[in-house]
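Take a look at the letters that make up each chain.
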Amino acid sequence: FINKLRSSLLNTIYTNDLYKVTLSHYNVLQYDIASVTAINMPRLVMKSNLNESALPNFIGDMIRSITKIAASKNNLLELMIKNETLPYTLHEYKGAPYINNDNVFHVITPVGLYEAILLLTDHDYFSDSSSRSLLIKILNETGKIIREYSEQENLKILFAQNVREEPAYRFSTLDRKLYPKYYSVLMTSTKPGKYSNGLIEDWRIIDIQDLITLDSEIDPFLFGGHTIKIWLSDEISAQEIIMDHLSKTFSSYNVNILQYNKNFVFCMACKRLSVGIQKTCPVCGARGKYL
């Protein structure tokens, strides 16, 4: 569900991956996401030897590299437009190429924010105010660095928090080998084998209002969009309950997107869908490979 109630959101659109693109003109109909780069936040903290004051330098070096690569991609795109070597750049809209550097966006998204703050403070930012302040500080500084380098390279770069499943596993697996001393600290609080790809680990149960409150606080810093998942219990099914919660949240909090998720099991034997994680189909009794 996307919040379009506020006037500041009227000239924004969302991609299929829920990145928020703010358009310079209302009549812009075309855009292109040219790249999405996930940043391993825990690794940057580990490389800084858990030094909070040194962290911005490591973040800056990373973003500088990303923007250089993004600029090279834009230059290559511009060359292909001139040489007419990309099919989708041959189309024109109002006399201009359908895709051009004016409507090409790049995305930078952080992975493992929860683990990064945990390494720096040894506290949970849902229960510790200083850890939460540090999270907001890091997001603010990262956003400023992104804007600085994007302006230097004349790029449109979005700073977004979104679900990136594959990097969450890959980063965690590699860091376990590269930084075993620091990684072992996370093992007591983190489900082994995967960093969080949102504000919290997927498997952790937390108060919904705490999650929404934090999401509302970080909204101004993730200008490329961000989304949170709200897991529904098996018993909740009434649409009225969901819509009432959605309406109250959008009108009371600075939240742009809400996802409501629920666990289901599909049985290939009887072709029926059942609520919850089941070991046996409650309809026909099928097990194993049928579920």
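Read on for a plain summary of the structure. (Residues numbered from 1 in each chain as written. Predicted model: local features only at pLDDT ≥ 70, side-chain atom pairs only at ≥ 80, totals over all residues. Heavy atoms only, no water.)

### Section: the overall build of the protein chain
Of the regular secondary structure elements, the protein chain holds eight helices and 11 strands. Long-range pairs, those at least 24 residues apart, make up 65% of the contacts in the protein chain with a sequence separation of at least 6. Carbon and sulfur atoms provide 53% of the accessible area of the protein chain, an area that totals close to 15500 Å². Looking at charge distribution, the protein chain has the averaged site of its 31 positive side-chain charges lying 6 Å from that of its 30 negative ones. (Helix = DSSP H or I, 4+ residues; strand = E, 2+ residues; numbered from the N terminus. Contact = heavy atoms within 4.5 Å. Areas by Shrake-Rupley, 256 points an atom, 1.4 Å probe, with all protein chains shown as cover. Lys, Arg positive; Asp, Glu negative; His and termini not counted. Charge placed at Lys NZ, Arg CZ, Asp CG, Glu CD.)

### Section: the environment of glutamine 152
Its location among the elements puts glutamine 152 in helix H4 (residues 129–152). For glutamine 152, a relative accessible area of 54% corresponds to the exposed category. Remark: the alpha-carbon pair of glutamine 152 and proline 180, spanning 28 residues in sequence, is separated by 37 Å. (Buried < 20%, exposed > 50% of the residue type's maximum accessible area, 1.4 Å probe, protein only.)

### Digging into the sheet that holds strand E3 (residues 32–40)
Pairing is parallel in the open sheet, where three strands are placed in the order E3-E6-E7. The open sheet has two edge strands with one neighbour each: E3 and strand E7 (156–159). Between one strand axis and the next, the sheet turns through 25° on average, direction left out of account. In this structure, strand E6 (residues 104–111) lies alongside E7, joined through four bridges in parallel fashion. Pairing of histidine 106 across the sheet is with isoleucine 157, part of E7. Along the sheet, helix H5 (residues 165–178) contacts E3 and E6; its crossing angle with E3, the most-contacted strand, is approximately 30°. (Pairing = 2+ DSSP bridges. Axes fitted to C-alpha atoms, helices over the stretch in contact; angles between N-to-C directions.)

### Quick look at the pattern of salt bridges
In total, this model carries seven salt bridges according to the counting rule given. When the shortest N-O distance is used, the salt bridge between glutamate 153 and lysine 68 registers 3.0 Å. Of the two residues, glutamate 153 sits in the loop between H4 and E7 while lysine 68 sits in helix H2 (residues 55–83), which places them 85 residues apart along the sequence. Among the residues examined, glutamate 153 registers a relative accessible area of 25% and is labelled partly exposed. Among the residues examined, lysine 68 registers a relative accessible area of 47% and is labelled partly exposed. (Salt bridge = Lys/Arg side-chain N within 4 Å of Asp/Glu carboxyl O.)

As far as function goes, none of this settles anything; it's purely spatial.
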